[in-house]
Amino acid sequence: MDKTIGEIKSLAWNIRNDVLEMTYRAGVEGGHIGGAFSSAELLATLYGTVLNVNPANVLDENRDRFILSKGHISLAHYAVLKECGFMLQDDLDSFEKNGSIYSTHEIENLEHGIEVTTGSLGYGLAMGVGVALAGKMREKSFRTFVLLGDGECNEGCVWEAAMAASKYKLGKLFAIIDKNGLQLDGYTQDIMPISNIGTIFAGFEWNVKTIDGHNIEAIKMAVSSQNDELPTVIIANTVKGKGVPEIEGKFWGHHVRLTEEQYKAYKAVLEESRC
Amino acid sequence: MLDFSSNRIMDLSRLGMRKSYGCILKELADDHEDIVSIVADVADSANLLDYGKNFPFKHINAGISEQNMMAMAAGLAKEGSNVFVTSFAPFVSLRVYEAIRTLICYMNLNVKIVALSSGFSLGVQGATHYALEDIAIMRAIPNLLVLSPADTTEMAKMMEYLATYNGPAYLRLTGIPGSALIHREDYRYDVNSINEVRMGTDVGLISTGTLVCESVRAARGLAKNDIDAGVINLSTLNPVKVDELLKMCKKYSMLVSVEEHNVCGGIGSITSEALACLDSHPRLIRLGTIDSNQVTGNYKFMLQKNGLDAKGIMDVVLAEFTKS
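In what follows, the accompanying structure is described.

### Section: the sheet that holds strand β12 (residues 283–289) of chain B
All names here are of chain B. One open sheet accounts for five strands, arranged β7-β9-β8-β11-β12; its pairing is mixed. Either end of the sheet is taken by a strand with one partner, and the two such strands are β7 (195–198) and β12. Going from strand to strand, the sheet's axes swing by 25 degrees on average, the running direction of each strand aside. Relative to strand β11 (residues 254–262), strand β8 (residues 203–207) runs parallel, the two sharing five bridges. Opposite G204, over in β11, you have L255 as the bridge partner. Contacts from helix α11 (residues 310–320) reach β8, β11 and β12 within the one sheet, and its direction differs from that of β12 by about 150 degrees.

Shown next as structure tokens:
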């Protein structure tokens, strides 16, 4: 897929709109709106123009692999997969419903574009290292992209994987950190400070890019700055809850149960920003 | 094809399960292109250095990072490899349990977890290096085949089976170099059946791993005391062939489970669960570990201290069994 910047912006809007709808319909179960909104441009750019994936050939050996390590924003992933033809509206409608395969944290489902089961934080990058290493061993052309949260970087396994990726010179591996500065209990700097994630990755000999995670052109450019010898990490500075000012930067925006009043108000805000 | 000549069988026995692992994997990798090995800084301990020289691109050392190693194994398996992932037993079971459950077994990936030196095999290295709870936790995971060979012959047969088996498995290795052989070169291994090593009429000793040998020794000793004991080698711990196990158990008026594992959750529990389906069944005495083993000692000592050597098993049977 090779969408224009305008189309990608529109895709990001659709993701936010779908996320809002899914969260509202989930009722008391709620949804992880904050992190879903902060990742909207990242997901839209990846699926809109970066990833070599095709809903008509989901098992293509050469497809790029995308792993949503911050598995709690599955609803944003489901949304972009629906927008790109991997899922149907019915699938989104079943989000968090009894008997549905679309739970809060996503479950492997290759047919619908979900590569691996995630939700237990900290494992996505290590799995991505295994996938990228398999690609390198077999001289495959595919790239592996892993989207992590900055709070998730509390997990030691992230850093174990960072070491391994460097050792095996996985130039086709991309870690994207959605650095929205918040985690479940508050600001990441208060809960477990990691002053400069990029410096730490650089210490592990990664190719480090720091960008505005809501700037589609910057995301595209960062992904294209691949280094054949080094894995690349993109530190994407974002705003949690981006798109609805009332949620932006709020602790409570991590996981939200929407009242009808909130839903209508946020929907109106989104409509105003429609591309 | 693996070499199962009598000389080879004896060589493997001398090496013990841990050191046999690397030799066997190297032979299997010659025939099976999809095999990839990944270790957490134990290539030498697992005797994988020759394998590494022969297959440098399929020999991955993740360093001392077992969580990462397990997740990498899942990633490699997802892309089509048959991944043999190895470290000492507590570090590929207890330490990484969630990764095994969620990443490997829930996704039903082709990862073979080889648990080196389980039970008391690491002797004086002490409590941190014993694995006495691994059967309990591993057999609770869906999709995970759990295997526990009685000797190096059965271990080699199991590895040969795992080279073509597509799915997750946990191979629990026990014993020390020179542990006695139960099976010879003509042993016909079947993952789906329970191996009755010795037939008896009075007492059934149900065991697994290298304690099968201690159970056989105990049975021989009991014969001198006019007690005819049989020995059942329960080597497939998940899934268990319950019907077959019950058929074997019903022959006896008393059963004793013998395991290098906590009495909670291991083969004593497996047997109890099976027997509970019956209206009436033989009495079962469960032998295993019950404390946290903070006192160290070599393998022989630790078995003896926990009453799991041949004499300990015999003493229990002699004290508890009354011929009808």
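### Concerning the pattern of salt bridges
If the charged atoms of two oppositely charged side chains come close together, the side chains can form a pair. Taken as a whole and judged by the stated rule, the model has 25 salt bridges over all chains. With a shortest N-O distance of 2.8 Å, D178 of chain A and K70 of chain A are connected by a salt bridge. A residue pair is termed long-range when its members are at least 10 positions apart, and D178 of chain A in strand β3 (residues 173–179) and K70 of chain A in the loop between β1 (65–68) and α4 (74–83) qualify at 108 residues. By relative accessible area, which is 0% here, D178 of chain A ends up buried. When the shortest N-O distance is used, the salt bridge between R283 of chain B and E320 of chain B registers 2.8 Å. You can see R283 of chain B sitting in strand β12 and its partner E320 of chain B sitting in helix α11, a full 37 residues away along the chain.

### Quick look at helix α3 (residues 40–50) of chain A
With eleven of eleven residues buried, α3 of chain A is to be regarded as a mostly interior element. Considered for burial, the residues of α3 of chain A that qualify are A40, E41, L42, L43, A44, T45, L46, Y47, G48, T49 and V50 of chain A.

### Points about unusual backbone geometry
P239 of chain B follows N238 of chain B through a cis peptide bond whose omega is -5 degrees. As for its placement among the helices and strands, P239 of chain B is situated in the loop between β10 (236–238) and α8 (242–249). Here E96 of chain A, not a glycine, exhibits a phi torsion of approximately 65 degrees, which is positive. In this fold, E96 of chain A is placed in the loop between α5 (89–93) and α6 (124–137). Phi is positive for D41 of chain B, which is not a glycine, with a value near 65 degrees. Along the polypeptide, D41 of chain B turns up in the loop between β1 (35–39) and α2 (49–54). Overall, the relative accessible area of 47% leaves D41 of chain B in the partly exposed class.

About the cut-offs
- Residues numbered from 1 in each chain as written.
- Chains lettered and ligands numbered in written order.
- Predicted model: local features only at pLDDT ≥ 70, side-chain atom pairs only at ≥ 80, totals over all residues.
- Heavy atoms only, no water.
- Pairing = 2+ DSSP bridges.
- Helix = DSSP H or I, 4+ residues; strand = E, 2+ residues; numbered from the N terminus.
- Axes fitted to C-alpha atoms, helices over the stretch in contact; angles between N-to-C directions.
- Contact = heavy atoms within 4.5 Å.
- Salt bridge = Lys/Arg side-chain N within 4 Å of Asp/Glu carboxyl O.
- Buried < 20%, exposed > 50% of the residue type's maximum accessible area, 1.4 Å probe, protein only.

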